[in-house]
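An overview of the molecular structure
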Amino acid sequence: MRILLTGHKGFIGSNMLKALAGHDVKTYDWGEDPTLLTTHDRDVCIHIGGISSTTERDVDKIMRQNYDFSCQLLDRCMNTGTHFQYSSSASVYGLNQEFCEDSPVDPRTPYAWSKYMFERYAIKLQKSAYNVGDRIQGFRYFNVYGSGEAHKGGQASPYHQFEKQARETGRIRVFEGSREYRRDFVPVSQVIDTHLAFLNVKQSGVFNVGTGRAQSFYEIAEQFGVPIEEIPMPEHLKQSYQTYTCADMTRTDRAIAS
């Protein structure tokens, strides 16, 4: 297939690029020459590029990269009949305790708002039906972990951060109450497999990407077999920190099986 991939230098994008070996792949990242951003010669656009920091507070920066650019790219794809896949985030659920795609949303950070606003734009555009057969597929990633995330620093997954702490200091630090903080941790390989499976799915919409299981941060830390120290949670995280996430995978699984 002829594929345009954005975000190929990032964590998930770099894994996607490897998985697309054998396809005709063009790549584009934010800040590159915009004349390189063409969709008329592409069958599919997999849009993973953007700001992935959930704690970024520069709203204008996030909106430019995560929303404005995404809207422009989607418009191009719809004008050229290019199948469009994009990354969204389970952060749109906020502090809610239900995680079906039709559940209420509760974005609590600029990052989460940028993802939800683009979802709304994409759904509205899909309903306008530029071309019969247009496909717009959004994927709400839950907590992704795996190879290639070292550059993310403090935004890397607990798996990566705990492994690094255990190796370098012989102990792991977790926030107080981490036995109660439970998340759906999904390996990056499953995220890639979901995108690839949906290349053959005709359905548009928003789809969860998780495991359907929740683990506590403390349980993950225990896997490394070193002492665990509890530390206070920073104040700036308390109002938006999700205590629980667990993907309802019903819609995603049905779409893949159809």
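The following paragraphs examine the structure supplied in this document. (Residues numbered from 1 in each chain as written. Predicted model: local features only at pLDDT ≥ 70, side-chain atom pairs only at ≥ 80, totals over all residues. Heavy atoms only, no water.)

1. Description of the overall build of the chain
What the chain contains, in helices and strands, is 8 helices and 12 strands. The C-alpha radius of gyration computed for the chain amounts to 18 Å, which stays within 12% of the reference 18 Å derived for 258 residues, consistent with globular compactness. By principal-axis analysis of the C-alpha atoms, the chain measures approximately 55 × 40 × 35 Å. Counting all 258 residues of the chain, 48% fall into the buried class. By sequence separation, contacts in the chain at least 24 residues apart represent 77% of the contacts at least 6 residues apart. Side chains of the chain give 29 positive and 31 negative charges; the mean places of these two sets differ by 2 Å. (Helix = DSSP H or I, 4+ residues; strand = E, 2+ residues; numbered from the N terminus. Rg over C-alpha atoms; globule rule 2.2 N^0.38 Å. Buried < 20%, exposed > 50% of the residue type's maximum accessible area, 1.4 Å probe, protein only. Contact = heavy atoms within 4.5 Å. Lys, Arg positive; Asp, Glu negative; His and termini not counted. Charge placed at Lys NZ, Arg CZ, Asp CG, Glu CD.)

2. Digging into the packing of helix α5 (residues 188–198) against helix α8 (residues 250–257)
One way to put it is that α5 packs onto α8 with a least axis distance of 10 Å and a crossing angle of 45°. Considered as vectors, α5 and α8 are oriented oblique to each other. Considering the relative orientation of α5 and α8, their crossing is left-handed. Within the contact between the two elements, α5 uses Thr194, Ala197 and Phe198 and α8 uses Thr252, Ala255 and Ile256. For the contact of α5 with α8, a count of residues per class yields 4 nonpolar, 2 polar and no charged. (Axes fitted to C-alpha atoms, helices over the stretch in contact; angles between N-to-C directions. Parallel < 35°, antiparallel > 145°, perpendicular 65-115°, else oblique. Left-handed = near helix turned anticlockwise from the far one by under 90°. Nonpolar A, V, L, I, M, F, W, Y, C, P; charged D, E, K, R; others polar.)

3. Overview of the environment of Arg183
Structurally, Arg183 can be placed in strand β8 (residues 182–183). On a C-alpha basis, the gap between Arg183 and Gln215 in space is 5.5 Å, while along the polypeptide they are 32 residues apart. Setting aside chain neighbours within four positions, we find Arg183 in contact with Asn143, Arg213, Ala214, Gln215, Phe217, Tyr241, Gln242 and Thr245. Engagement of the side chain of Arg183 in a polar contact is seen with the backbone oxygen of Gln242, the distance being 2.8 Å. (Polar contact = N/O pair within 3.5 Å; in protein donor to acceptor, adjacent residues only side chain to side chain.)

4. Quick look at the pairing of strand β4 (residues 83–89)
Most of β4 sits inside the fold, with 7 of its 7 residues counted as buried. Side-chain alternation along β4 places His83, Gln85, Ser87 and Ser89 on one buried face and Phe84, Tyr86 and Ser88 on a second face that is also buried. Note that strand β3 (residues 44–47) and β4 share 4 bridges and pair parallel. Pairing of His47 across the sheet is with Tyr86, part of β4. Handedness of the crossover joining β3 and β4 through helix α2 (residues 59–80) is recorded here as right-handed. Where β4 meets strand β5 (residues 136–141), 6 bridges bridge the pair, whose relative direction is parallel. In the strand pairing of β5, Ser88 is matched with Arg140. (Pairing = 2+ DSSP bridges. Right-handed = clockwise from strand over helix to strand, strands pointing away.)

Honestly, it's all geometry; don't read function into it.
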